[in-house]
Amino acid sequence: MVKNLLITGYKSHELGIFKEKDPGVHYIKKAIEKQLTVLLEEGLEWVIISGQPGVEIWAGEVAVELRDQRFPDLKLAVLTPFLDQEANWNEARQEQYHELLAQADFVESISNKPYFSPKQLAAKNGFLVQKTDGMLILYDEDTPGTPRFYLKPARRRQEKDPAYEVLYITPSDLELIYQDEQDAKGEFWE
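Residues numbered from 1 in each chain as written. Predicted model: local features only at pLDDT ≥ 70, side-chain atom pairs only at ≥ 80, totals over all residues. Heavy atoms only, no water.

**Quick notes on the overall build of the chain**
Regarding its fold elements, the chain presents six helices and six strands. Helices and strands appear in the chain in the N-to-C order β-α-β-α-β-α-β-α-β-α-β-α. Its C-alpha atoms give the chain a radius of gyration of 16 Å, near enough to 16 Å, the size a compact globule of 190 residues would have. C-alpha atoms of the chain, sized along the principal axes, occupy 55 × 40 × 35 Å. Taking all 190 residues of the chain together, 46% fall into the buried category. Once local pairs closer than 6 in sequence are excluded, the contacts in the chain between residues at least 24 apart make up 81%. (Helix = DSSP H or I, 4+ residues; strand = E, 2+ residues; numbered from the N terminus. Rg over C-alpha atoms; globule rule 2.2 N^0.38 Å. Buried < 20%, exposed > 50% of the residue type's maximum accessible area, 1.4 Å probe, protein only. Contact = heavy atoms within 4.5 Å.)

Structure representation (structure tokens):
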């Protein structure tokens, strides 16, 4: 059973999403909500993210919504790789990030220094995999991107601990959610 779930995936720019009102954000959040709801009904207690823009921020927002609406015992932890990770982000992204941090149940930086080396990011990935029971990842094998850096420590962990779960949200999953919503609206695909 997964009690502590790491959620990760692509950064927004890797998905070609540059505005929060992009329709793709809606479908990604729906896919995350669908997976989280199943896990919450099975005993999920914590959602853990590092706060990267894109899938992680959206997952944090979904976790907060689920906690506020249906699962009051759900907790959100944001474990950033280093201090002030948002320092070079644009103002809108910083505002979204700070709003999420304010709603999180636990916020801490893994490295108590500002960015100085890519090793901080690798250390964060390994640490988060070790501190969780499973990982939910938005990932497409044909488009590796930054999520692949989480998959390496997750696969190493699975070799030692086969109970560590890696759950995927794939482009096919997103397409199914899109089609389901279109069908519900009476807009059918051929």
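**Overview of helix 5 (residues 148–160)**
When the terminal C-alpha atoms of helix 5 are compared, their 19 Å separation across 13 residues agrees well with the 18 Å that a helix rising 1.5 Å per residue should span. Regarding helix 5, the residues found buried are Tyr-150, Leu-151, Pro-153, Ala-154 and Arg-157. Tucked inside the fold, the buried residues of helix 5 contact strand 1 (4–8), helix 2 (55–69), helix 4 (119–130), strand 5 (134–138) and strand 6 (165–169). (Expected span 1.5 Å × (residues − 1).)

**As for the side chain of Asn-125**
Mapped onto the elements of the fold, Asn-125 is located in helix 4. Owing to a relative accessible area of 6%, Asn-125 belongs among the buried residues under this scheme. Apart from the residues within four sequence positions on either side, Asn-125 is in contact with Phe-149, Tyr-150 and Pro-153.

**Regarding the sheet that holds strand 3 (residues 75–80)**
Taken in spatial order, the six strands line up as 4-3-2-1-5-6 in an open sheet, and their pairing is parallel. Across the chains shown, the open sheet's two edge strands, defined by having one partner strand only, are strand 4 (106–109) and strand 6. Within the sheet, the average angular offset between the axes of one strand and its neighbour, ignoring direction, is 20°. In terms of strand pairing, strand 2 (residues 46–49) meets strand 3 through four bridges, oriented parallel. Looking at strand 3, one finds that Val-47 is bridged to Leu-76. Helix 5 contacts strand 1, strand 5 and strand 6 of the sheet and is inclined by roughly 145° relative to strand 6. (Pairing = 2+ DSSP bridges. Axes fitted to C-alpha atoms, helices over the stretch in contact; angles between N-to-C directions.)

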